[in-house]
Amino acid sequence: MSLNEHTAQNAAIAWLQGLGYTHIPGNALERDLKKVVLEAEFKNFLKTTYPEVPETARNEAFAQFTQHEGMEIAYRNRDFHRKLTQGLDIAWKDAQGNEKAKHLYPIDYTHPQNNSFIVADEVSIVGKNSRRTDLLIFINGLPLIVFEFKNPFDSTVGVENAHRQIHNYVLDIPQLFDYNAICVASDGLEALHGMYSSALEWFAPWKSLDGDDTEQKAELQLEVLLHGLFPKETLLDYLQHFIFHEDHNGKIIKKGAKYHQYWGISRALESSLKNIKPHGDGRLGVIWHTQGSGKSISMAILTGILRQRPELKNPTIVIQVDRSDLDEQLYDNFVLAKDLVGDVQHAKSTDHLRRLLSSDGGGVIFTTIEKFRLKELADGKEVQHPVLSERFNLIVMADEAHRTQYGFESGGFAQNIRRALPNASFIGFTGTPVDSKDADTEQVFGPTIHTYDIKQAVEDGATVPIYYEPKMVPLNIKAQYTQELEEVEEQAEDTTVGVWAAVEDAAGAEDRVKTVAKDILEHFNARTATLDGKAMIVCMSRRNCVKMYDALTALEGCPEIAVIMTSNPGKDPVSWNPHMRTKDAMEAVKARFKNPEDPLKMVIVRDMWLTGFDAPCAHTMYVDKIMKGHNLMQAIARVNRVFEGKPNGLVVDFIGISGFLAEATKKYTGSGGAGKPTLDLDAAVELCLEQLSIVKSLVGGFELDTINGMPATEKMKWTTDVVNRLLKDDATTEGYLKEERKLSELMAMTNSDERIWAIQEEVAILQKFREQIRKIKYPPGAQRTKNDRIKDLISRSLESQAIVDLAAMYNLDKIDISIIDDSFQAIVKDKGAENIKIELLRRIINDELKVRMSKNIKKGRKLKEELEKVLGKYHKNSLDSIAAIKHLLDIANDMKEDDKRTKELGLTEDELAFYDLLSANSAILNEAGPVQDLVHNVVASVKKNLQLDWTKKEDAKAAIRLAVKKELRGKVPFSELDKLLKEVIEQAEGQYAEWPLLG
C-alpha cells in the first residue's frame, strides 16, 4: 500500500463527494489547458438561471465575468471578487426595440442546489510555467478554491511546503488566481485555510462544525475543515459575505474570516433578525471575542451583511464607541473594508450627528457616545435629548460595551441614545468581560451570544501568549497613599490633589525615572538581541512621558524613540514642543512604528494607542502606570498580535500592577473566559532551562568547559559524531530540529532574564548543529529564505564558532549534482561519518532523479526504487554503512554514465530511453546507418502527434502508432514489428503521458 499525499487528497475527495460535490479527474475536464474556467459549465449555468436573457446579452455577461481589470493579480482578483459577490447589470433591446436590463450573479446564493460543484484532482494548467494543482473546486465552472497537499507520512515536508507551493503557483499560473477565493494547505494532519497572498501566519485551522464545539485534535483538522466550511450553503455564505479586499494606498490586502468570526457573526445575524424591534425587544446580544482576534473585522462583516438584508429595508448602522481614539482606529478599519460596508459617515460634532441620524437613508455612521450629550442653548441647557429618528431599521453597534454605555440617569448618554432613537436595536462587541459592578450587560444588550476567549485564541494562533515580568522600582510615597492605592481609579492627569497626583509625582522622581530608563534600555537590548521587534512604554502622565524620554535619550545606545501624547500649545510648557504633533504628523509616526523595518523602535504613551491600536511587530510593553480592569486588559493586549517569528508578547511591570492583573484575571474567568491574560515569565524561564536539558540529551550531553578545552582535531571529531548520530534517520533528525526550535523560541522569549544569560553559549552550540543539519538535509535556496525574526546566538559566541562547520567542510554549496564529481566521491569513500555521507548522497540523487524522471520514466523509477531499497535496508540495519554508500555511488555512477552516453551518442536526454530500447533490439534491425538516426526519427514522429490526454484517447494513440510504424517499416522484420511497436508506445506513454507539461 502506498501512503503519500494522494492518501490525504483522496480522503478529501471522498468527504467532498459525501457533501454532494461531483468528482471529475483533471484530465477529463473539457477545457483549454491555458484557460482555467470551465466555459461550457459556466455558460450553461447562465443559460439555465437566466433563460429570459437573450444569448447575446448572456455572452456579454460571460465576457465581463471572465475579463478582469488590473495589471496585477491583486487588482484582478479584487475586480472578480466584486463581480462574484455583487453581480453585474446587463442591458439589451428586445425585438420591439425596448430597453431591458437584468442584474446577473455568477452563483445562485439563495438556492445552493442550483449550482454545480465540481472537485477535480491533478488539474494541469499552462502558464508562465506549467503546473498541476492537487485539487480545484469549480462552482459553475469558476475555479474558486485551490487545495495543495503534502505527504502526511513524510517527516521532511509539512504544511509550510504546501503553502510555499501555492505561492509558486501564483507566479507560475497567475490566471488561476484571478478567480481564487480560498486556498487550503494541508499535510493530512494540519489543514489550514487562507488567502492566496497571505503569509503562513495568517492561514488558520477551521475548528468547529457548527460554532458551539471546537475540535483540538490535529489529525482531524482536514475533516473538520471540510465538514465545517465546505457544506454548500456554508461555503456560498462564506464566499459572498466573509472575504474582502483592503486598499492600503495602492497595496491590496485580501482577508477572509476565521472560524470564530464566521460563527460569531452568524449567531449575531440570527439573533439580530429575531430580536430587532418591533418583532423583538431590540437587545441583539453581546459578542465577546478576545483582544487582537479580529473584532473590528467581525463588526465590518456583520455591518455589510445587515445592510444587504432585504427585510431590513436599507438599515442605518450606528457604530458607537466611548473614546475618540477607538473611534479613529475602528473608522479606519471600516473605510478599508469599503467593499463590505459601503461608504461610511463620520459624525464630527453633536450637530453633525443629529443631522445624519435625522435623514431617512441607510448607511453607516460613526460616533463617540459623548456626541449624544445635551446641548447648551441660548436659554440654557436642553432638558432632554430630542427624538432624531423613529425608524425601526436602526441598529446601534457598540464597541467595547463598558461603563459609559450604561448612563441611564437623567441626561446620561445611554438614556439620551434611547430618547434620540426610541425604536433602535442594540448589539455589543467586546474584547474584555463586562464588569459586573458597572451594570447588568443583559439589561442593555441582551445575553452573550458567542465567546472566543484567550485560551482558544492562543491555541488557534489568532493571538500570541503574553508573559508577565515584575521589575518593580519602589515608589517613595506616604503610607496613607499606599493604603488608598488599591481603591484608586484612573483619573484625568490635571488632578492636583489626592493619591493619583502623589503617585504621579513619586513615579516621576528624577532618580527613579533614571533607574527605570536604564533598566528599560538594558532589558530591551537583551530582548531584541534574539527577537526583532518594538516596544511601548506606558507612563502615569504626559509630564512623566517627557521625563522618561529625556532619561532614555541621554543613555548611550538608545534607539530612536517618540512620545505619543495629546498636546495643548496654549498651556503646555515650551520644552514639550518637540513632542507636539499635528494630526498628519501623528499618522506618519503611527505608520513608522507599525513598520517592522523602520528604525523607530520605542514609543512612550500615557493613554493614546492603548486601545484600538495594532502594531503587530510590538512585542514588549513596559508599564509604569497604575491600570486596572478592562483598561489594563486592553493595554496589555497591544502586544498579543500575531507577527512572523514572534513567539509571545511581554509585559514588564515597574510600578506594581500584579494585584490588578490578578483581579482582572478573576473577573475574566468569572465571566466564563478560559486562559490567563498573562503568564508568569518565571514559568517560561523554567521551561527554557528544561528544554535546554532535553536538547542537550539529544546530542548525548556535553559540558561547555570540556568542549572549549578540546584541541581542534578532537572538537572536529566530536562535532562530526554528533551530526552523524542526529542524521541516523528522519525521525531522529526531525525530533532534534523540532526540540531545538522550541529552545530557540524560549530563548527569544526569556533572553532579557539574567538567569538565561549563563546558558547562551550552550544554546549557540545546539543552534550550530541545527544549522549544519539543515544545510546537509535541506540545501539552501531561494525558496527556503524566510524573514525569521528569531535570531540565533551563534554569531555572539566566539567559542562556538570553533565548532567545525561540516557544511563548509563538504563544500555543500558547490557540489555539482549533475555529475557527482570525483573529489566528492573520494570524500564519501573515506571511513567515518557514514550517516552524514548517506544523507548527502540521498539528497543529491533525489534532486537529480526529480530532474531526470520525466526524461526516462522507466529508468527513473528503477533508480528511485533502488534508492529507497538501499536506504530502507540501511535504516533497518540490514545493510552496513560502507555497503550502503557503495550502492548509492553505483546509482550515482549509473546516472553519470547515462550523461556520458547521451553526449557521446549525440542524443537529447529524452531520446536516450528510446535508444536503449532500439539498441536492445539491434539484432532484428536491418538499418545500415547508426541507430541514432532511427531514434531521432522515431522520437520526432511521436512528438509530432502528441495531444492533450492522448494516452486516454484511442484515436490519438492510433495516430502515434501509425507514425512510428511508418518509421520502422522496412527496418524491422514484419513478424517483430508489432512487438517492438508496443514497446515504443509503452515508453512514449511513460515519458509523454503528461504532455505538454513534461517531455
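Quantities reported herein were computed from a predicted structural model and do not represent experimental measurements. (Residues numbered from 1 in each chain as written. Predicted model: local features only at pLDDT ≥ 70, side-chain atom pairs only at ≥ 80, totals over all residues. Heavy atoms only, no water.)

Chemist: Explain the overall build of the protein to me, please; I cannot follow it from the model alone.
Modeler: Helix and strand counts for the protein come out as 39 helices and 26 strands. Within the protein, the fraction of its 999 residues that count as buried is 53%. Of all intrachain contacts in the protein linking residues separated by at least 6 positions in sequence, the fraction that spans at least 24 positions is 74%. Approximately 43,300 Å² of the protein is accessible, and the part contributed by carbon and sulfur atoms is 50%. (Helix = DSSP H or I, 4+ residues; strand = E, 2+ residues; numbered from the N terminus. Buried < 20%, exposed > 50% of the residue type's maximum accessible area, 1.4 Å probe, protein only. Contact = heavy atoms within 4.5 Å. Areas by Shrake-Rupley, 256 points an atom, 1.4 Å probe, with all protein chains shown as cover.)

Chemist: Any chance you could explain unusual backbone geometry here in plain terms?
Modeler: Peptide bonds are trans in most cases, and residues, glycine excluded, mostly fall at negative phi. A cis amide bond links lysine 277 to the next residue, proline 278, at an omega of 0 degrees. If you trace the backbone, proline 278 turns up in the loop between helix H9 (259-275) and strand S11 (283-289). Here tryptophan 609, not a glycine, exhibits a phi torsion of approximately 70 degrees, which is positive. Examined against the element boundaries, tryptophan 609 turns out to sit in the loop between strand S23 (600-605) and strand S24 (618-624). With relative accessibility at 5%, the residue tryptophan 609 sits in the buried group.

Chemist: So what exactly am I meant to see when it comes to the pattern of salt bridges here?
Modeler: Side chains that differ in sign of charge can pair as their charged atoms come close. According to the stated counting rule, one finds 40 salt bridges in the structure shown. The partner of lysine 207 in a salt bridge is aspartate 460, and the shortest N-O contact between them spans 3.0 Å. Of this pair, lysine 207 sits in the loop between strand S8 (191-194) and helix H7 (221-229) while aspartate 460 sits in helix H16 (residues 454-460); the two residues are 253 residues apart in sequence, bridging distant segments of the chain. Given the relative accessible area of 11%, aspartate 460 is considered buried. Residues joined by salt bridges that share partners form a network here, namely Glu560, Arg592 and Asp598. (Salt bridge = Lys/Arg side-chain N within 4 Å of Asp/Glu carboxyl O.)

Chemist: Would you explain the sheet that holds strand S4 (residues 117-126) in this entry?
Modeler: In a beta sheet, neighbouring strands pair by backbone hydrogen bonds and run either parallel or antiparallel. Strand order in the open sheet formed by six strands is S1-S4-S5-S6-S7-S8, and the pairing between neighbours is mixed. Each edge of the open sheet is held by one strand with a lone partner, namely strand S1 (22-25) and S8. The average angle at which neighbouring strand axes cross in this sheet is 25 degrees, direction not considered. Bridge count for S4 against strand S5 (residues 130-139) is nine bridges, and the pairing is antiparallel. Of the residues in S5, the one forming a bridge with valine 126 is serine 130. (Pairing = 2+ DSSP bridges. Axes fitted to C-alpha atoms, helices over the stretch in contact; angles between N-to-C directions.)

Chemist: Please explain the pairing of strand S20 (residues 466-470) as it appears in this structure.
Modeler: As a general feature of sheets, a regular strand has side chains that alternate between the two faces. For S20, the buried fraction is high: four of the five residues fall into the buried class. Summarising the sheet, S20 and strand S25 (residues 649-653) pair through five bridges and their orientation is parallel. What sits directly across from proline 470, in S25, is aspartate 653. Two elements, S20 and strand S26 (residues 679-680), share two bridges in a ladder whose sense is parallel. By the bridge assignment for S26, tyrosine 468 is matched with aspartate 680.

Chemist: Could you clarify how one ought to interpret the packing of helix H19 (residues 510-530) against helix H20 (residues 542-553) in this entry?
Modeler: Helix-helix packing is characterised by the crossing angle of the two axes and by the distance between the axes. For the pair H19 and H20, interaxial distance at closest approach is 9 Å and the crossing angle is 60 degrees. On the basis of their axis angle, the class for H19 and H20 is oblique. Like other packed secondary-structure pairs, H19 and H20 cross with a definite hand, here right-handed. Along its contact with H19, which presents Val513, Lys514, Val516, Ala517, Ile520 and Leu521, the element H20 presents Lys547, Met548, Ala551 and Leu552. Here the contact of H19 with H20 is composed, by residue class, of eight nonpolar, no polar and two charged. (Parallel < 35°, antiparallel > 145°, perpendicular 65-115°, else oblique. Left-handed = near helix turned anticlockwise from the far one by under 90°. Nonpolar A, V, L, I, M, F, W, Y, C, P; charged D, E, K, R; others polar.)

Chemist: What is the right way to look at the packing of helix H27 (residues 730-750) against helix H29 (residues 760-777) in this model?
Modeler: Across the interface, H27 lies against H29 with an axial gap of 10 Å and an inter-helix angle of 140 degrees. Looking at the two axes, H27 sits oblique to H29. Crossing geometry of H27 relative to H29 is assigned as left-handed. Counted together, Asp730, Thr733, Tyr736, Leu737, Glu740, Leu743, Ser744 and Met747 of H27 and Gln760, Val763, Leu766, Gln767, Phe769, Arg770, Ile773, Arg774 and Lys777 of H29 form the full contact between these two elements. Tallied by class, the residues present in the contact of H27 with H29 amount to eight nonpolar, four polar and five charged.

Chemist: Explain the side chain of threonine 290 to me, please; I cannot follow it from the model alone.
Modeler: Residue placement: threonine 290 occurs in the loop between S11 and helix H10 (295-308). On the basis of relative accessibility, which here comes to 5%, the residue threonine 290 falls in the buried class. Apart from the residues lying within four places of it in its own chain, the contact partners of threonine 290 are Gly431, Tyr452, Asp453, Ile454 and Ala457.

Chemist: Looking at this model, I keep getting lost on the sheet that holds strand S17 (residues 394-399). Mind explaining?
Modeler: In space, the seven strands of this open sheet follow the order S13-S14-S12-S17-S18-S11-S19, with parallel pairing throughout. Every interior strand has two partners, whereas the edge strands, strand S13 (344-346) and strand S19 (448-452), have only one. Each adjacent strand pair in this sheet contributes to an overall mean axis angle of 20 degrees, direction not counted. Bridging between S13 and strand S14 (residues 363-368) involves three bridges; their strand directions are parallel. Note on S14: the bridge partner recorded for glutamine 345 is isoleucine 365. Against the sheet, helix H13 (residues 350-358) touches strand S12 (316-321), S13, S14 and S17, its axis set at about 155 degrees to S14.

Chemist: Is there a simple way to think about the pairing of strand S21 (residues 534-539) in this case?
Modeler: Most of S21 is tucked away: six of the six residues are buried. Residues Lys534, Met536 and Val538 line one face of S21 and the alternating positions Ala535, Ile537 and Cys539 line the opposite face, and both faces are buried. Pairing geometry for S21 and S24, over six bridges, is parallel. Note on S24: the bridge partner recorded for lysine 534 is alanine 618. Across four bridges, the pairing between S21 and S23 is parallel. Bridge pairing links valine 538 to valine 605 in S23.

Chemist: Is there a simple way to think about the side chain of aspartate 624 in this case?
Modeler: With respect to the helices, strands and loops of the structure, aspartate 624 is situated in strand S24. At a separation of 2.7 Å, a polar atom in the side chain of aspartate 624 contacts the side chain of arginine 512. Leaving out residues up to four positions away in the same chain, aspartate 624 has contacts with Ala507, Arg512, Val538, Cys539, Met540, Met548, Phe654 and Ile655. (Polar contact = N/O pair within 3.5 Å; in protein donor to acceptor, adjacent residues only side chain to side chain.)

Chemist: Help me understand the confidence of the model for the protein, please; the structure alone is not making it clear to me.
Modeler: Atom-level detail of predicted coordinates should not be read off regions where pLDDT is low. For the protein, per-residue confidence averages 83 on the pLDDT scale, and residues scoring 70 or more make up 84% of the total. Confidence drops under pLDDT 50 across residues 490-496; counting only partners more than four residues distant or on other chains, this segment forms 18 contacts. Across residues 781-785, where pLDDT falls below 50, the model places five contacts with residues more than four positions away in sequence or in other chains. (pLDDT = per-residue confidence, 0-100.)

Chemist: I keep staring at the packing of aromatic side chains and nothing clicks. Help me out?
Modeler: In this description, an aromatic ring pair is defined by two values, namely the gap between the centres and the angle between the planes. In total, this model carries 24 aromatic pairs according to the counting rule given. Pairing phenylalanine 242 with tyrosine 262 gives two aromatic rings, centres 4.6 Å apart and planes at 55 degrees, and the pair type is tilted. Note that phenylalanine 242 is positioned in the loop between helix H8 (232-241) and strand S9 (243-248) and tyrosine 262 in helix H9, a separation of 20 residues in sequence. Take phenylalanine 242 and tyrosine 262: they sit in the same class, and that class is buried. Taken together, a centroid distance of 6.1 Å and an interplanar angle of 35 degrees make the contact between phenylalanine 593 and tryptophan 609 tilted. On the criterion of sequence distance, the pair formed by phenylalanine 593 in helix H21 (residues 583-594) and tryptophan 609 in the loop between S23 and S24 is long-range, its members being 16 residues apart. You'll find phenylalanine 593 and tryptophan 609 in the same group, each marked buried. Stacked on the ring of phenylalanine 426, the Lys or Arg arginine 418 has its end atom at 3.9 Å from the ring centre. Lying over the aromatic face of phenylalanine 702, lysine 696 brings its terminal NZ or CZ to 5.1 Å of the ring centre. (Phe/Tyr/Trp six-rings, centres within 6.5 Å; stacked < 30°, edge-to-face > 60°. Lys NZ or Arg CZ within 6 Å of the ring centre and 35° of its normal.)

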